[in-house]
2 protein chains.
Amino acid sequence: MAVKTDIEIAREAKKKPIMEIGAKLGIPSDHLLPYGHDKAKVSQDFIKSLAGKPDGKLILVTAINPTPAGEGKTTTTVGLGDGLNRIGKKAVICIREASLGPNFGMKGGAAGGGYAQVVPMEEMNLHFTGDFHAITSAHNLLSAMIDNHIYWGNSLDIDERRIVWRRVMDMNDRALRDIVVSLGGVSNGFPRQTGFDITVASEVMAILCLSNDLDDLQKRLGDIVVAYTREKKPVYCRDIKADGAMTVLLKDAMQPNLVQTLENNPAFVHGGPFANIAHGCNSVIATKTALKLGEYVVTEAGFGADLGAEKFFDIKCRKAGLKPSAAVIVATVRAMKMNGGVAKADLGTENVDAVKKGCPNLGRHIANVKGFGVPVVVAINHFYSDTDAEIAAVKAYVAEQGAEAILCKHWAQGSAGIEDLAKKVVSLAESGSANFAPLYPDEMPLFQKVETIAKRIYHADEVIADKSIRDQLKGWEAAGYGHLPICMAKTQYSFTTDPNLRGAPTGHSVPVREVRLSAGAGFIVVICGEIMTMPGLPKVPSAEVIRLNDQGHVEGLF
Amino acid sequence: MAVKTDIEIAREAKKKPIMEIGAKLGIPSDHLLPYGHDKAKVSQDFIKSLAGKPDGKLILVTAINPTPAGEGKTTTTVGLGDGLNRIGKKAVICIREASLGPNFGMKGGAAGGGYAQVVPMEEMNLHFTGDFHAITSAHNLLSAMIDNHIYWGNSLDIDERRIVWRRVMDMNDRALRDIVVSLGGVSNGFPRQTGFDITVASEVMAILCLSNDLDDLQKRLGDIVVAYTREKKPVYCRDIKADGAMTVLLKDAMQPNLVQTLENNPAFVHGGPFANIAHGCNSVIATKTALKLGEYVVTEAGFGADLGAEKFFDIKCRKAGLKPSAAVIVATVRAMKMNGGVAKADLGTENVDAVKKGCPNLGRHIANVKGFGVPVVVAINHFYSDTDAEIAAVKAYVAEQGAEAILCKHWAQGSAGIEDLAKKVVSLAESGSANFAPLYPDEMPLFQKVETIAKRIYHADEVIADKSIRDQLKGWEAAGYGHLPICMAKTQYSFTTDPNLRGAPTGHSVPVREVRLSAGAGFIVVICGEIMTMPGLPKVPSAEVIRLNDQGHVEGLF
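Residues numbered from 1 in each chain as written. Chains lettered and ligands numbered in written order. Predicted model: local features only at pLDDT ≥ 70, side-chain atom pairs only at ≥ 80, totals over all residues. Heavy atoms only, no water.

**What about the overall build of chain A?**
What counts here: By the criteria applied, helices consist of DSSP H or I runs no shorter than four residues and strands consist of E runs no shorter than two, each listed in order from the N terminus. Any two residues having at least one pair of non-hydrogen atoms within 4.5 Å are treated as being in contact.
Of regular secondary structure, chain A possesses 19 helices and 26 strands. Oriented by its inertia axes, the alpha-carbon framework of chain A measures out at about 70 × 55 × 55 Å. When contacts within chain A are restricted to residue pairs at least 6 apart in sequence, those whose partners lie at least 24 apart make up 75%.

Laid out in structure tokens, this is it:
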């Protein structure tokens, strides 16, 4: 059987005009700003007009720790949205935007896969509606204004060695990681060492995704700590007077982008913060808007549930006042086998024992998510190679954990293949059993918050941190940042900080290498291990084969 | 009398839906890709479908050398477009897009002024339809791929000291002019010195503006010389295999942007190359599309006629096969007075003698433009302070030169104030007197082309260039680039290379400091004097006061 590729399926999509998709949600066409005929932004005024309306139910799609076998989290998010619409619920999907730069390194990501995709795929993997370009501009305007301030006399007494605001570019460019700027003499400023991160790593990205509206956005931008004085006093973005102009640059980027699934159901694709040094969820404004417009909102969080769901709950839901009604944990038979010790090359062979051996990774995620007071269902994202015995083993294991695992065939069948999951999600959400609470209270000391995450979510024995790191956390508490939540940055491949430790390890330590204050976004980043904030291109970047074909279609990007 | 500002007038505009503006030109709505309700891109397919249609008449608006008094070239371009529509001609305006970065330094530019403007002004001064962001991405992808090629083994044997391709950003950021990249050890590459230019200075910008279609675009991108080997052999963009992916990034940016004037007439705003190191005109594809859709196309060229019109004729028209039917030279009484030696503070006082003394600057431009075989009319862009005697003096002078000067009040009155000019333009264009020819033939040696421009247009006695520069030009001739036109980069304020020399000087020398090959754009840049390709921010950048007001309008940008 010749299986169609994602892009082939996407190109066959019978897209409806985006105004029609908006009309389904009750958005008048003059409040939809079109970008082409298949993408639109929702106006600020329309969003404001929704204030008094009741909220729909929020469903989180999360996953086991990712493996090279693939788990299909976005595919399941899109499929579940279509499935809910199929069974008569007005459902809206909320996912993140793709970063442009990495697509020119490795083949780019679709938004979903198979018959559970969001379109237009090409545009979403290229400039889309320009949001990331706006973030790049706003970020770099602040950078330019910092150096310009120093150039013209440095009245704020910024210590040039303590500028913590770098520059960004939406490109994989290792040459820009570590640079010296302002060479060439007096008219170019004071030479200093700095660098570029990729745009998705910008604090402006995290801020845009956590802001409720443009006023909140400007306030948070103003709160960014950009540097310290020689007396180690913080210098804020608002001291540089960049917050107003940055808000102007971001005013359109703040508006959620409406697109559609292959089944013509609405999807907001908006924002895309890193899932390590940031919180890895789509924007608060998109989620909140969707909740006003739909009975159900299906959203996802980056990486596995240990990182993604924890941050979704402890950062996004806590700060935005969101109360999820249910969570779906995506797993695959293949990934269970890999967690059970099978190599990728051997995944095609039935191995029920390995499945059973790998299931505790899933089990821990189930328990963790339940710990937040959110009812859980497991979605087994079906692959052709899965055997009945393997699927039965997963189902039996999940039942033992007091949850249900449902086989889902949305990749191959679209919404028809995911009806059972949709029905289960509705029954969980309507049962009213959800009683969401974050993992730790705002007032807990910062280091204790880190320990709480490490022990309760990662099942570690201890957190190891130098005195300088503990002192830094205490310093931030003294400066009024003690109430902030923690944003953990560690490997996504394991509950531990060792990417090779699959399954559900215990007894490990979590070493903290560095802590960073994201005062505008409103969290403390705790870095455990190497985190790359500017990727490089591989030896043969996909850019070498990306081109327009004779039909004007993009080739090589997918 | 309280005079309204440009932005106040722009905000009162009764804009029509952009689909209606497109319909006036016969563009079906499914071939207009909307960006909001007031901007749209015209599809490639529609442009291709126009191939067999006859062309309208092309009118160039150019000007005297700019003075601090202002001449109003874009305002007159827009006003003339409205005026032609008013007298029953189907006219389309073609102008350049604004650069984002400089708007955050000094107050940004409107597109026109008074009652002769193109809207939406805010969007056009911010991200607009994202074209410049796409150019930035395409340019920097090539940069990243060059360093990546060296990182992974440098099989092309690129001499790291001879990489001529820098990076770009649409920002005024002097700290990035001169930098060292790839610091930080083995994994970040080989340290080398380089820098950023502002995006409008990118050769990709010039290429986009000179390309006929996407195939031509990719071919020209491939032709870019990015570096030289240790044996001084050129390394091309296509050797780096970046041309296909760059074309993909630019596929939407290549499509002309349709907007409207305050009087709801169509305007293409597309492309914006520098007028010094590049040719300073809007895109060929916009101009050619407009010529298929309108009876008249009114366009402008950067700076005064010595730089702007010369490059419009010798680069854009020559290469694109365009044949202008008439040219308008914009002058003001105030600028004539400044050319006649009056200081800016004294411009409010009548001074007929100074007007007369300054007129030879205008006279030389008239003669120069006529020299290209294009009939000329002078537009006197009216200011309130102009006296009848001063206006009469300009008219009399122009009549002596065998042309007519027409007083235009489009700034205050819109199209009603510029009917006379519109009628004159029609009579010139329909007289068939135009017989356009470029200044020099393709086959003339490069240095002789420079001398021809300097002597015939600037009225210089000689061109001074070191042997190394003459040798470089000969080297390019030997390498097959001898047929390229010259792109002069000199001060716009004078016919000479001294910005303080107003009027119509003779007997001067033109010293050439540097020559550069823009092999993709297809010209040789000849640099006379300091040319800044990355501006800095002033002491108090306008970004400090730019903000959204309570109505959601942008303040401080204009």
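Text resumes after the structure shown.
**Focus on the relation of the copies chain A and chain B**
As a reminder of what qualifies: All copies are superposed by least squares; the fitting set is the C-alpha atoms of residues with a pLDDT of at least 70 in both.
When chain A is fitted onto chain B, the two copies agree to an RMSD of 0.0 Å after a turn of 180° and an axial shift of 0.0 Å. Those values place the two copies in the arrangement expected of a two-fold rotation axis. Using C-alpha coordinates, one finds that chain A approaches the rotation axis most closely at A:Y35, a distance of 2.2 Å. Looking at chain A, 100% of its interface residues are interface residues in chain B too, so the copies touch through the same face.

**Things to note about the side chain of A:S283**
Residue and element names in this part refer to chain A. Our working rule: Counted as a polar contact is a pair of N or O atoms within 3.5 Å, where, for protein atoms, one must be capable of donating a hydrogen and the other of accepting one, and residues adjacent in sequence contribute only when both atoms are in side chains.
With respect to the helices, strands and loops of the structure, S283 is situated in the loop between β15 (266–269) and α11 (284–293). In terms of polar contacts, S283 uses its side chain to reach the side chain of H270, at 2.7 Å. Among all residues touching S283, those that are not within four sequence positions of it are L208, C209, H270 and K316.

**Some thoughts on the pairing of strand β24 (residues 523–527) of chain B**
On any regular strand, side chains alternate: one points to one face of the sheet, the next to the other face. Residues and elements named next belong to chain B. Let me state the cut-off plainly: To sort residues, take the accessible area from a 1.4 Å probe on protein chains only and compare it with the maximum for the residue type: under 20% means buried, over 50% means exposed, and anything in between is partly exposed. Strand pairing is assigned whenever DSSP detects at least two bridges linking the two strands.
For β24, the buried fraction is high: 5 of the 5 residues fall into the buried class. Along β24, one buried face is formed by F523, V525 and I527 and the opposite face, lined by I524 and V526, is buried too. Examined bridge by bridge, strand β21 (residues 486–489) and β24 share 4 bridges and lie parallel to one another. The partner of I486 across the bridge, within β24, is I524. By the bridge criterion, 5 bridges tie strand β23 (residues 514–518) to β24 in an arrangement that is antiparallel. Looking across to β24, one finds that L517 is bridged to I524. Remark: 4 residues form the turn of the hairpin made by β23 and β24, two consecutive strands paired antiparallel; G522 in that turn has positive phi of roughly 95°.

**Some remarks on the sheet that holds strand β21 (residues 486–489) of chain A**
One key point about sheets: their strands pair by backbone hydrogen bonds, in either a parallel or an antiparallel sense. Residues and elements named next belong to chain A. What counts here: Throughout, an axis means a line fitted to C-alpha atoms (over the contacting stretch in the case of helices), and angles, computed between N-to-C directions, take values from 0 to 180 degrees.
Pairing is mixed in the open sheet, where 3 strands are placed in the order β21-β24-β23. For this open sheet the edge positions go to β21 and β23 (514–518), each flanked by a neighbour on one side alone. On average, adjacent strands in this sheet sit at an angle of 20° to one another, irrespective of strand direction. On the sheet, helix α19 (residues 467–481) packs against β23 and β24 (523–527) and is oriented at approximately 15° with respect to β23.

**Focus: unusual backbone geometry**
Here the bond from A:V119 into A:P120 is cis, since omega is 10°, no more than 30 degrees from zero. Tracing the sequence through the fold places A:P120 in the loop between β6 (116–119) and α5 (121–124). Here B:K232, not a glycine, exhibits a phi torsion of approximately 65°, which is positive. Note on placement: B:K232 falls in the loop between β12 (225–229) and β13 (234–236).

**Some thoughts on the pattern of salt bridges**
Residue and element names in this part refer to chain A. The condition that has to hold: Should a side-chain nitrogen of Lys or Arg be within 4 Å of a carboxyl oxygen of Asp or Glu, the pair is scored as a salt bridge.
In total, this model carries 58 salt bridges over all chains according to the counting rule given. As a salt-bridge pair, D131 and K41 come within 2.7 Å of each other at their nearest N and O atoms. Taken together, the positions of D131 in helix α6 (residues 131–151) and K41 in strand β2 (residues 40–42) put the pair 90 residues apart, joining distant regions of the chain. No difference in accessibility class separates D131 from K41, as the two residues are buried. Close ionic contact of R318 with D314 constitutes a salt bridge, the shortest N to O distance being 3.1 Å. Residue R318 and its partner D314 are located together in helix α12 (residues 308–320), separated by 4 residues, close to a single helical turn. Each member of the pair R318 and D314 is classed as buried.

**A look at the packing of aromatic side chains**
Put simply, the rule is: For Phe, Tyr and Trp, rings pair up if their centres lie within 6.5 Å, where Trp contributes its six-membered ring, and each pair is then called stacked (planes under 30 degrees apart), edge-to-face (over 60) or tilted (otherwise). Should the NZ of a Lys or the CZ of an Arg lie within 6 Å of a ring centre and within 35 degrees of the ring normal, that charge is described as sitting over the ring.
Scanning all chains against the criterion turns up 12 aromatic pairs over all chains. Judged by centre distance (5.6 Å) and plane angle (65°), the rings of A:F312 and A:F313 are edge-to-face. A:F313 shares its class with A:F312; the two are buried. Taken together, a centroid distance of 5.2 Å and an interplanar angle of 85° make the contact between B:Y151 and B:W152 edge-to-face. In textbook terms, an aromatic cluster arises when at least three aromatic residues are bridged by ring pairs, as seen for A:F312, A:F313, A:F372 and A:F436. Directly above the aromatic system of A:F495 lies the positively charged group of A:R364, at a separation of 4.7 Å from the ring centroid.

**A word on α19(A)**
Residues and elements named next belong to chain A. Stated precisely, the cut-off is as follows: Arc, as used here, means the arc of the directions from the helix axis to the C-beta atoms.
Taken residue by residue, α19 has I469, L473, W476 and Y481 as its buried positions. Around the axis of α19, the buried residues are gathered within 60° of arc, so they sit on the same side. Exposed positions of α19 whose direction lies more than 90 degrees from the buried face are K467, S468, K474 and A478. For α19, the elements touching its buried residues are β12 (225–229), β13 (234–236), α18 (446–456), β23 and β24.

**Examining the packing of α6(A) against helix α7 (residues 203–210) of chain A**
Residue and element names in this part refer to chain A. Formally: Roughly parallel refers to an angle under 35 degrees, roughly antiparallel to one over 145, roughly perpendicular to one between 65 and 115, and oblique to any angle outside these ranges. Throughout, a crossing is termed right-handed when the near helix is turned clockwise from the far one, and left-handed when it is turned anticlockwise from it by less than a right angle. Under the scheme applied here, ten amino acids are nonpolar (Ala, Val, Leu, Ile, Met, Phe, Trp, Tyr, Cys and Pro), four are charged (Asp, Glu, Lys and Arg), and all others, including Gly, are polar.
At a minimum axis separation of 9 Å, α6 and α7 run at an interaxial angle of 120°. The pairing of α6 with α7 is recorded here as oblique in orientation. Judged by the sense of rotation from one axis to the other, the crossing of α6 with α7 is right-handed. Together, F132, I135, A138 and H139 of α6 and V204, M205 and L208 of α7 make up the contact between the two elements. For the contact of α6 with α7, the per-class residue count stands at 6 nonpolar, 1 polar and no charged.

**A closer look at the UniProt feature "binding site: ATP" (unreviewed entry) in chain A**
Residues and elements named next belong to chain A. Basically, it comes down to this: UniProt positions are given in the numbering used here, feature names are shortened, and annotations may be inferred rather than shown by experiment.
Residues annotated in UniProt with the feature "binding site: ATP" (unreviewed entry) correspond here to T67, P68, A69, G70, E71, G72, K73 and T74. Along the chain, the position of T67 falls in the loop between β3 (57–63) and α4 (73–86). For T67, a relative accessible area of 9% gives the class buried. Locating G70 in the fold gives a position in the loop between β3 and α4.

**Concerning the sheet that holds β13(B)**
Residue and element names in this part refer to chain B. In spatial order, the strands read β7-β12-β13; together these 3 strands make up an open sheet with antiparallel pairing. The sheet is open, and its two edges are formed by β7 (158–163) and β13, each paired on a single side. Looking at each pair of strands side by side, their axes are set apart by 50° on average, direction ignored. Contacts from helix α6 (residues 131–151) reach β7 and β12 within the one sheet, and its direction differs from that of β7 by about 135°.

**Here's the deal with the side chain of B:K73**
Residue and element names in this part refer to chain B. Going by this rule: For the purpose of charge, His is not counted, nor are the chain termini; Lys and Arg are scored as positive and Asp and Glu as negative.
Mapped onto the fold, K73 is located in helix α4 (residues 73–86). Lacking a salt bridge, the buried K73 has E71 as its closest oppositely charged neighbour, with an N-O distance of 4.4 Å. One polar contact links the side chain of K73 to the main-chain carbonyl oxygen of A301, over a distance of 2.8 Å. K73 has contacts with V61, T62, A63, E300, A301, G302, F303 and V330, leaving out every residue within four places of it along the chain.

**Some words on the interface of chain A and chain B**
Under the convention used in this document: Put simply, buried area is how much 1.4 Å-probe accessible surface two parts lose in total, over both of them, once they are put together.
Tallying the contact residues gives 65 residues for chain A and 65 residues for chain B. Note on chain A versus chain B: buried area summed over both sides is about 5,500 Å², and carbon and sulfur give 68% of it. Measuring nitrogen to oxygen at the nearest pair gives 2.8 Å for the salt bridge that ties B:D173 to A:R167. The tally of links from chain A across to chain B stands at 28 residue pairs in polar contact (both at pLDDT 80 or more). Of all the secondary-structure elements, those providing two or more residues to the side of chain A that touches chain B are β1 (32–34), α6, β8 (167–169), β9 (179–181), α10 (243–250) and β25 (547–548) of chain A. Examining the composition of the side of chain A that touches chain B, we find that 10 residues originate from one element, α6(A), more than from any other. For the side of chain A that touches chain B, the per-class residue count stands at 35 nonpolar, 17 polar and 13 charged.

**Let's talk about the environment of A:I524**
Residue and element names in this part refer to chain A. When you line up the elements, I524 lands in strand β24. Once the C-alpha coordinates of I524 and I207 are considered, the two residues, 317 residues apart in sequence, prove to be 13 Å apart. Not counting chain neighbours up to four residues away, the residues in contact with I524 comprise L446, L473, W476, Y481, L484, P485, I486, C487, R516 and L517.

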